[in-house]
Amino acid sequence: MTSATAPAGSTADGSFLRIRELGPDDDDIVDVVFARLSPRSRYLRYQSHAAELSADVRRSLNALGGRSQVALAAFAAHRGPTGIVRIVDLGQGRAKPAVEVVDRWQGRGVGTRLLQAARDRAAALGYRELVGEVLAVNDAALGALRRVFPAIRVRRDGAALVVTMPVSGPAELVA
Ligand SMILES: CC(C)(COP(=O)(O)OP(=O)(O)OC[C@H]1O[C@@H](n2cnc3c(N)ncnc32)[C@H](O)[C@@H]1OP(=O)(O)O)[C@@H](O)C(=O)NCCC(=O)NCCS
């Protein structure tokens, strides 16, 4: 089952985007977005340079439809899917976010829009905070997270940054 979860809108560069929730039958969309990631983006998102998703990872990415994992995809008019954000339940009011934007669309506000939609969905699901890890070299991810979650806390853990973001509903976007 899929449903629209965010009003259609535009990115900072004026590109029209629609965001909707994915369901277990949307595996083709997961595949298209993965195929449009460069090796560097795949590494930053999946910590792997593999050109294809393993069967296990693909299965877990498509295990959608309940509260345990929610995925939202952005679609550009006539261009197909441009990115996906997920929130995975960690229990005790916490969830783990993960986001990927196809390389051709990076730096155009898609990640910001997806993270806003994830923040709003997390708030609607009753999550208190999002907790995740990004590689310390991943300036784009940290920039996008800081933009959408101004109260983010960042702790260094080796090559990674542990990021903790209080979830408050749709509100403050740092300009
Ligand atoms: C991280 C990612 C999702 C960001 O999405 P995006 O659509 O490129 O980001 P946006 O265009 O919305 O930019 C948001 C902010 O990120 C920052 N940013 C974006 N690209 C950047 C870059 N290359 N270097 C530094 N900062 C960058 C900026 O601060 C930007 O804010 P601004 O508009 O005020 O300048 C995207 O780059 C991506 O998919 N990367 C590969 C996968 C990944 O790293 N996922 C995150 C780990 S789970």
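Just above sits the structure.
Residues numbered from 1 in each chain as written. Predicted model: local features only at pLDDT ≥ 70, side-chain atom pairs only at ≥ 80, totals over all residues. Heavy atoms only, no water.

Trainee: Can you explain the environment of Arg86? Please cite residues and give values.
Mentor: Its location among the elements puts Arg86 in strand β4 (residues 80–91). Sequence separation of Arg86 and Arg42 is 44 residues, and the distance between their C-alpha atoms is 15 Å. One polar contact links the side chain of Arg86 to the main-chain carbonyl oxygen of Leu61, over a distance of 2.8 Å. Among the polar contacts made by the side chain of Arg86, one reaches the side chain of Gln69 at a distance of 2.7 Å. (Helix = DSSP H or I, 4+ residues; strand = E, 2+ residues; numbered from the N terminus. Polar contact = N/O pair within 3.5 Å; in protein donor to acceptor, adjacent residues only side chain to side chain.)

Trainee: Describe the nonpolar core, and please don't skip the residues or the numbers.
Mentor: Grouped together as the largest cluster of nonpolar side chains are 47 residues, with contacts concentrated most on Leu22, Ile84, Ile87, Leu130 and Leu145. Of the residues forming this core, the biggest block, seven residues, is contributed by strand β3 (residues 69–76). Residues within four places of Leu130 in sequence aside, it is in contact with Ile87, Ala95, Pro97, Ala122, Phe149, Val163, Thr164, Met165 and Val167. (Core = buried A, V, L, I, M, F, W, Y, C linked by side-chain atoms within 4.5 Å. Buried < 20%, exposed > 50% of the residue type's maximum accessible area, 1.4 Å probe, protein only. Contact = heavy atoms within 4.5 Å.)

Trainee: Requested: an account of the packing of helix α4 (residues 110–124) against helix α5 (residues 139–148), with residues and values cited.
Mentor: Close contact between α4 and α5 brings their axes to 9 Å; oriented N to C, the two are set at 50 degrees. When the interaxial angle is binned, α4 and α5 end up oblique. Crossing geometry of α4 relative to α5 is assigned as right-handed. Residues Thr112, Leu115, Gln116 and Arg119 of α4 pack against Ala144, Leu145, Arg147 and Val148 of α5. (Axes fitted to C-alpha atoms, helices over the stretch in contact; angles between N-to-C directions. Parallel < 35°, antiparallel > 145°, perpendicular 65-115°, else oblique. Left-handed = near helix turned anticlockwise from the far one by under 90°.)

Trainee: Break down the packing of aromatic side chains for me, citing the residues and quoting the values.
Mentor: Counted according to the given criterion, the structure contains one aromatic pair. Taking the centre distance of 5.5 Å and the plane angle of 70 degrees together, the rings of Phe34 and Tyr46 count as edge-to-face. Linking Phe34 in helix α1 (residues 27–35) with Tyr46 in helix α2 (residues 39–46), this pair joins segments that are 12 residues apart in sequence. Above the face of the Phe75 ring, Arg18 is positioned so that its terminal group lies 5.0 Å from the ring centre. The ring of Tyr127 carries the charged tip of Arg67 above its face, separated from the ring centre by 4.4 Å. (Phe/Tyr/Trp six-rings, centres within 6.5 Å; stacked < 30°, edge-to-face > 60°. Lys NZ or Arg CZ within 6 Å of the ring centre and 35° of its normal.)

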